[in-house]
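The primary structure of each chain is shown beneath.
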Amino acid sequence: MEAQETTGRKKHVVVLTGAGISAESGLKTFRDSDGLWEGYNVYEVATPRGFHANPQLVLDFYNMRRKDVAAAQPNAAHTGLAELEKDFDITIITQNIDDLHERGGSSKILHLHGQIFKMRSVFDETTVYPITGDIQLGDTAPDGHQLRPHIVWFEEPVPLIEEAARIAASADIFVVIGTSLPGIPCSRPGRYRPSFYP
């Protein structure tokens, strides 16, 4: 694989990653027989209606995920992609909510489905806040509304899907690692904004 075109510019490599790339770091995938959905109803912990029905269950689920990610370390796939930046213009589009690409050394990452170490108000999806500890019911954003994970849930639009498509279309080389692609996009169009949010 040639790293540079005859013009001298680095070839643009777009890498789409999914849960499989982080499995080697000890993070469970969602769809495996012993995966994250085992023991949980996806609609109870990963939809807006599930959050409305039992917000503490959802917060607890993501509090546990945050601890898992904090304990995990980047593996050779994460660091290898970062190493490729020496020779290629690498952009990573990831379905993952972990930060292992960042900690592995990659510099250009687009998180399609959000990030586990960020939270936002239930009514403001544009302003996000870093978080390291647990979030409980009653913890509010500066706008006074309950904090929720900055995660794209089922039944919600994927805000960055158009940007991801634009980046993918600009690739000289496109690579897929660790995903079977069933979650692209993971929701139907349109905003799911029920009136029952506090």
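- With an unreviewed UniProt entry as reference, the protein is termed NAD-dependent deacetylase, source organism Russula earlei.

1. What about the sheet that holds strand S6 (residues 147–151)?
Hydrogen bonds between backbone atoms are what pair the strands of a sheet, whose relative direction is either parallel or antiparallel.
Turning to step 1, where the next piece is worked out: Across the sheet, which stays open at both edges, the 3 strands sit in the order S5-S4-S6 with antiparallel pairing between neighbours. One side of each edge strand has no neighbouring strand; the edge strands of this open sheet are strand S5 (124–130) and S6. Between one strand and the next, the sheet's axes are offset by a mean angle of 50°, whatever the strand orientation.
Turning to step 2, where the next piece is worked out: Two elements, strand S4 (residues 114–121) and S5, share 4 bridges in a ladder whose sense is antiparallel. Opposite Met119, over in S5, you have Tyr129 as the bridge partner.
Turning to step 3, where the next piece is worked out: Across the sheet, helix H4 (residues 55–71) is in contact with S4 and S6; its angle to S4 comes to roughly 140°.

2. Thoughts on the packing of aromatic side chains
Turning to step 1, where the next piece is worked out: Following the criterion strictly, the structure yields 4 aromatic pairs and no others.
Turning to step 2, where the next piece is worked out: Both rings, one in Tyr40 and one in Phe61, keep their centres 4.8 Å apart while their planes meet at 70°; by these two values the pair is edge-to-face. Here Phe61 lies in helix H4 and Tyr40 lies in the loop between helix H1 (19–23) and helix H2 (42–45), a separation of 21 residues in the sequence.
Turning to step 3, where the next piece is worked out: Taking relative accessible area as the criterion, Phe61 reaches 1% and is therefore assigned buried.
Turning to step 4, where the next piece is worked out: Geometrically, the ring pair formed by Phe51 and Trp153 is tilted, given 5.5 Å between the ring centres and 40° between the ring planes. Taken together, the positions of Phe51 in helix H3 (residues 48–53) and Trp153 in the loop between S6 and helix H7 (161–169) put the pair 102 residues apart, joining distant regions of the chain.

The rules behind the values
- Residues numbered from 1 in each chain as written.
- Predicted model: local features only at pLDDT ≥ 70, side-chain atom pairs only at ≥ 80, totals over all residues.
- Heavy atoms only, no water.
- Pairing = 2+ DSSP bridges.
- Helix = DSSP H or I, 4+ residues; strand = E, 2+ residues; numbered from the N terminus.
- Axes fitted to C-alpha atoms, helices over the stretch in contact; angles between N-to-C directions.
- Contact = heavy atoms within 4.5 Å.
- Phe/Tyr/Trp six-rings, centres within 6.5 Å; stacked < 30°, edge-to-face > 60°.
- Buried < 20%, exposed > 50% of the residue type's maximum accessible area, 1.4 Å probe, protein only.

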